[in-house]
Every structure is written in structure tokens, then in C-alpha cells.
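# Residue-level structural notes
Okay, here's what each chain looks like letter by letter:
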Amino acid sequence: MTVFLFCQAAAFLFSRWNANLPAGLGILASAAYLYAAEAGRSGSKLSLRGLFLLSFVGGEGLACLKLSFIGEMWCPGMWLSVTLAVLGFSTAYGLLSGESLREIFFPGMARDGASSWSVHAAFRERELRDDPRRFRDASGPVLLAACGIAMVSLLSFLLEARILGYVPFFVRGVPHAYSAFHVHGLHYFTVSCVLVPPLSVIYFRTGTGRTFRGDILAGIALACGLAVPLLCVSRFQLVFAVFLAGAVYFRMGGKIHPALMAAGGAALAALLVILTAARSHSAEYLNGIFEMKNSRLPLFVSLPYIYIAMNYENLDYLIRALPAHAFGKRMLMPLWTFTGLKSMFPELVNAPLYFIKEELTTTTLIYDAWYDFGTAGVLLFAAALGAVSARITEACDYSDNPVAFLFYAQFAAYLAFSFFSAWFSLPVTWFYFGVTFLAGLMAYLGIGRRR
């Protein structure tokens, strides 16, 4: 954390002198260092704290480069909020993981004569307990959950297409066809398709409980889980599903050859390009929105940059423009939605949103926390999230229920994309958690019955 605080202070000063390049590069370097330190300390490249630090701090570094004319000089409140978010998350995570404050702020220093890097040995011991064969009694319930969710998702998609009269993938000349493809309430079941690939991976990793017929059914469910995002032309759902599947696979001890991983990444990139074209997002359309200072930058560079950097610009704009805090209305959005209160009391959800440009409507993880309670809300929210992440890591290490890996993978995804959205204020996030809980309950009951 000391390295981060130093780079953060230096970047703040550089930004005041309009030296955006050293400001951004310094923060990017600190993000890489923090991630490498956490990976070495935990022995895991998928550590929840490491993913958050790499994503959130790295996204800040990209935003500090100011490669677009849209970006402005950040206000002091913006710098303070980002700093408190990182400190709150990392400190709470470390304390609940048994670290001292000295280890948190100086991760390479010794404690009581023993290096903090020795935690790696303890992680290796936990890896021995992650033998997938111990989950063999859960293979049947996990397969049933994957097939059930795939069937419900596909039927919901077909029903939405019937009601709305079109399939987004086959629509041309309408950039926001997917945004309009939404039947209230039903769409939650359609997008539950993202949980099918990771559940399929769990099934394939559960060892001796598998059967040939089960493998065929899992493969069909996996195909359905990937087909729905493609037909919806939802780039994020596709990436999210693949990320969840990959996180589950690696967290359960899976390994893959680097060449095969590169080929898979190239295939995913090709699919994203196809979906971009299917959404009628031409290079001219996107470049006109992005207002890049270097208009010759290729779209595959400017597209990811703008989808990361502009979220921080939106947060800065919120901090400068918000006249009064909402005191929980934003963060309790899932409660208003699932209880129907938002229909009875529209004022609960009618708070204005602050975006620096109307087409760029994504935010960061702490956007709603600041909207509701300011810097104090950011600190408390980040600390709570860090504490929960530490407990989920511990639970995943010791659980006999393989669906625990899906909970872990979801948190990993939300933290790895912490630059993108206020995930825990979205109703769909809690819908995913609810469906995952039901899948875990099925696995738990199945394990108990078999034993």
C-alpha cells in the first residue's frame, strides 16, 4: 500500500501540471506491483484482492493518461475517494486474512522473523484439499442445475423474441437493438445463461461422478449458455460467462497450455468483433463518441480504453455535480426492484444520473456508494467488500460443495471489472447470487442424500 500511496500522491501532483503521461504510467506501475505482490503472497493469480487492485488501480492509471478530449482534470474529492476505496478494501481483506497492518502496507517485510511470503506454503496445502474428486457426489445435482438454468434461459429468450418481434443478432442498422431487447422481469431469466458455462465446468471437474450421457447433456447446456449472449449480441454477457467459466476452472486446479489459451483468447476477440458489427457500431460511430486525441488509433485500442477510462470521468463528474446525497436509495436498488416498491414509489429510483457524455453510461464500483454517502460511504463500502471477499476465499478453500467456486468466480468477475459498474447495486447481480444459491442448495442436498 505504501507504493500505491506514493504513486497516487505523485500522480495527483503531475495531473496538476498537466503531465498526464507520467501520472498514468506511475499508477499503472503501482497496479502491476500490487497485483504481483498479492499473487506472490497468496500463491494465486485469482486472488480477490489482487484482481481488485489490478482492475481498479489499473483502470485509474489508464484514465489518468487522458487520451480523449472528454477527460478533464479531476477534483481533489475524486482522488480521495479512489484512494480510500483501495485502502479500505485492502486493509479489511488483510486483517480478516490474519495479516498485520505492517504486512498490509509493506507486503515484503517480515513479521516476527518470518517472511509474509510464507503464506504461499499454506496456500499450497489448501490446494491439496481442492482435489476435484472430493466433489464426485455433487456431479448429478450440478448437472441438473446447469441443464435447468440453460433450459429456462433459452425459453425466456425465445419468449422475449416472440413478444418483441425480433432477435438482436439479425437486426441491422440499429446500434441499441440489445438495449431495447428487454421484457420486464423476464430478462433476468434470459441473462441467467451466464451461469451455465461455469456450472458445466464444475461438472466436468467433479471427477468420478460423471457419465457419458451426463457429458453430452453438459455440452448441450454449455452450448445454450453461450448461444444466448451471441443471439442477444451482448458482448459483456459473453465475456462474463467465459470469465466465470475460466475462473472456476483455474480455481479448481485446472491447467491449460499457453498456446491453447492464446487461441481461445483470439477466438473470443473475433466473436466480440462480430458482435460489435452485429450491433451496427461502426468505427466512425464509435470514434465520434470517443473523441480521441489521436484519431489514428485503431478501434481495438480506443474501444477498451474508453470503456475503462470514461467510468472514472463519470465518477469525477458525479463528485463535482451532485447537489445532495441519496442516503441509500442507489445502493438499495435491488430491494426496490424485487419488492416492487419502485413501481409504487417511483421517487425511489428517479434520482438523476451524472454522465460526462450520454452515450457512455457505465460507472465504477464505488459510484453508487459516493452517490449515497460521499467519501465515508466509499470507505465503508470498500471495507465491507474486502471483508466479505476474505471470508468467501476462506469458505471456498474449505467447502465440500463445488458451487462455492461459482460464488468465488462471481466475486472475482465483479472485482476484475470493478472499473465498469457499481455491481452490487444492480438487481441482476443479486439475481445471479440467488440462482447460484439455489444451485448450491441442490448440490448440498444431493451430496447429503448420496452419502
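### Thoughts on helix H4 (residues 76-96)
The first and last C-alpha atoms of H4 sit 30 Å apart over 21 residues, in line with the 30 Å expected at 1.5 Å per residue. Most of H4 sits out of view: 16 of its 21 residues are buried. At the C-terminal side of H4, Gly 98 shows a positive phi close to 90 degrees.

### Brief notes about the packing of H4 against helix H18 (residues 367-398)
Packing of H4 against H18 brings their axes to within 7 Å, and their N-to-C directions diverge by 25 degrees. The orientation of H4 with respect to H18, classified from their angle, is roughly parallel. Once H4 is placed against H18, the crossing between them reads as right-handed. Partitioned by chemical class, the residues of the contact of H4 with H18 number 15 nonpolar, six polar and one charged.

### Things to note about the nonpolar core
Within soluble globular proteins, side chains that are nonpolar tend to cluster in buried spots. Counting 112 residues, the largest nonpolar core has Leu 199 and Phe 424 as its most contacted members. Looking at this core element by element, the count peaks at 11 residues for H18.

### Overview of the packing of helix H3 (residues 48-64) against helix H19 (residues 404-416)
Look at H3 against H19: their axes get within 8 Å of each other, and the N-to-C directions meet at 20 degrees. The angle between the axes of H3 and H19 places the two elements in the roughly parallel class. Where H3 crosses over H19, the handedness of that crossing is right-handed. Contact residues: H3 offers Leu 48, Leu 51, Phe 52 and Ser 55, while H19 offers Tyr 408, Phe 411, Ala 412, Leu 415 and Ala 416. Residue composition of the contact of H3 with H19, by class: eight nonpolar, one polar and no charged.

### Overview of the pattern of salt bridges
On inspection of all chains with the given rule, the structure shows seven salt bridges. We note a salt bridge from Glu 38 to Arg 41, for which the minimum N-O separation is 3.2 Å. Pair noted here: Glu 38 and Arg 41 are both in helix H2 (residues 20-42), with a separation of three residues, about one helical turn. Accessibility classification places Glu 38 together with Arg 41 in one group, the buried group. Between Glu 313 and Lys 66 there is a salt bridge whose closest N-O contact spans 2.8 Å. Of the two residues, Glu 313 sits in helix H15 (residues 299-321) while Lys 66 sits in the loop between H3 and H4, which places them 247 residues apart along the sequence. Here Glu 313 matches Lys 66 in class, with each residue buried. If you follow the salt bridges from partner to partner, you end up with Glu 38, Arg 41 and Arg 49 in one network.

### Looking at the side chain of Thr 362
By secondary structure assignment, the location of Thr 362 is in the loop between helix H17 (341-344) and H18. In terms of polar contacts, Thr 362 uses its side chain to reach the side chain of Asn 311, at 2.3 Å. Each residue touching Thr 362, except ones within four places of it in the same chain, is listed here: Tyr 307, Asn 311, Asn 314 and Phe 420.

What counts as what
- Residues numbered from 1 in each chain as written.
- Predicted model: local features only at pLDDT ≥ 70, side-chain atom pairs only at ≥ 80, totals over all residues.
- Heavy atoms only, no water.
- Helix = DSSP H or I, 4+ residues; strand = E, 2+ residues; numbered from the N terminus.
- Expected span 1.5 Å × (residues − 1).
- Buried < 20%, exposed > 50% of the residue type's maximum accessible area, 1.4 Å probe, protein only.
- Axes fitted to C-alpha atoms, helices over the stretch in contact; angles between N-to-C directions.
- Parallel < 35°, antiparallel > 145°, perpendicular 65-115°, else oblique.
- Left-handed = near helix turned anticlockwise from the far one by under 90°.
- Nonpolar A, V, L, I, M, F, W, Y, C, P; charged D, E, K, R; others polar.
- Core = buried A, V, L, I, M, F, W, Y, C linked by side-chain atoms within 4.5 Å.
- Contact = heavy atoms within 4.5 Å.
- Salt bridge = Lys/Arg side-chain N within 4 Å of Asp/Glu carboxyl O.
- Polar contact = N/O pair within 3.5 Å; in protein donor to acceptor, adjacent residues only side chain to side chain.

Structural measurements only, silent on function.
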